[in-house]
Amino acid sequence: MIVRTTEEITGTEREVADPLGNWVSKRIVLGGDGVGFSFHETTIDAGSVNNFHYANHIEAVWLVEGTGTLLDKGTGKTYPLAPGTMYLLNEHDDHQVTADTQMRMLCVFNPPVVGTEVHDENGVYPLVAVPAPTGKHSTV
């Protein structure tokens, strides 16, 4: 069993900030935990516009706080985002998230993120080999 709190993760290598200052991702479960997915809490700043394209990962997002819009850059279709909204980027969809208010989201990635990934100029995470699990009862 692995038990972690966001308080434990805050200020560690598991808390990753956008270089532009628009979002912060707290990586609660990572590839090294050996469970086949990663799980993150991401906070996006109000008024920010963010371009993402997970060409190497499938991502599911559950919005728990805030409002904004999601733009499917492939189709041009926009979707309102509010608490209780889920979106699944099941086709590696190139997308844009605009935050009207601060947004807090819970995100699952497959394959798992290992924690060292940085978005490139297109918003893509590279596919990084998952290290051997850090232990059955890994902590931060």
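Residues numbered from 1 in each chain as written. Predicted model: local features only at pLDDT ≥ 70, side-chain atom pairs only at ≥ 80, totals over all residues. Heavy atoms only, no water.

Undergrad: How do you make sense of empty space enclosed by the protein when you look at a structure like this?
TA: Empty space left among the atoms is revealed by rolling a probe the size of a water molecule over them. A complete count under the given rule lists 1 cavity of 30 Å³ or more for this structure. In this structure, the largest cavity encloses a volume near 130 Å³. Considered class by class, the residues forming the lining of the largest cavity number 9 nonpolar, 5 polar and 1 charged. (1 Å grid on protein atoms, 1.4 Å probe; cavity = no way out; pocket = protein on both sides within 12 Å on 5 of 7 lines; lining within 4 Å. Points joined across faces, edges and corners; volume = space filled by probe spheres on them. Nonpolar A, V, L, I, M, F, W, Y, C, P; charged D, E, K, R; others polar.)

Undergrad: Just checking my understanding: could you explain the nonpolar core for this structure?
TA: If you look at soluble globular proteins, the nonpolar side chains tend to sit buried side by side. Membership of the largest hydrophobic core comes to 19 residues, with the highest contact counts inside it found for Ile44, Leu81, Tyr87, Val97, Met103 and Met105. Elements with a minimum of two residues in this core: strand E5 (58–65), strand E8 (86–89), strand E9 (94–99) and strand E10 (103–110). For this core, the leading source of residues is E10, giving 4 residues. In this structure isoleucine 44 touches Asn22, Trp23, Asn50, Val97, Ala99, Thr101, Gln102, Met103 and Met105, once residues within four positions along its chain are discounted. (Core = buried A, V, L, I, M, F, W, Y, C linked by side-chain atoms within 4.5 Å. Buried < 20%, exposed > 50% of the residue type's maximum accessible area, 1.4 Å probe, protein only. Helix = DSSP H or I, 4+ residues; strand = E, 2+ residues; numbered from the N terminus. Contact = heavy atoms within 4.5 Å.)

Undergrad: Could you clarify how one ought to interpret the pairing of E5 in this entry?
TA: Here is the key point about a regular strand: its side chains alternate between the two faces of the sheet. With 7 bridges joining them, E5 and E10 adopt antiparallel strand pairing. What sits directly across from glutamate 59, in E10, is phenylalanine 109. Looking at chain direction, E5 and E8 are connected through 4 bridges and run antiparallel. Bridge assignment links valine 61 to a residue of E8, and that residue is tyrosine 87. (Pairing = 2+ DSSP bridges.)

Undergrad: Can you walk me through the packing of aromatic side chains in this structure?
TA: For any pair of aromatic rings, the description rests on two quantities: the centre-to-centre distance and the angle between the ring planes. Evaluation of the coordinates by the stated rule reveals 2 aromatic pairs. Measuring from ring centre to ring centre gives 6.1 Å for phenylalanine 52 and tyrosine 54, while their planes differ by 15 degrees; the resulting arrangement is stacked. By relative accessible area, which is 8% here, phenylalanine 52 ends up buried. Residue classification places tyrosine 54 among the buried positions, given a relative accessible area of 5%. Among the aromatic residues, those joined into a cluster by ring pairs are Phe52, Tyr54 and Phe109. (Phe/Tyr/Trp six-rings, centres within 6.5 Å; stacked < 30°, edge-to-face > 60°.)

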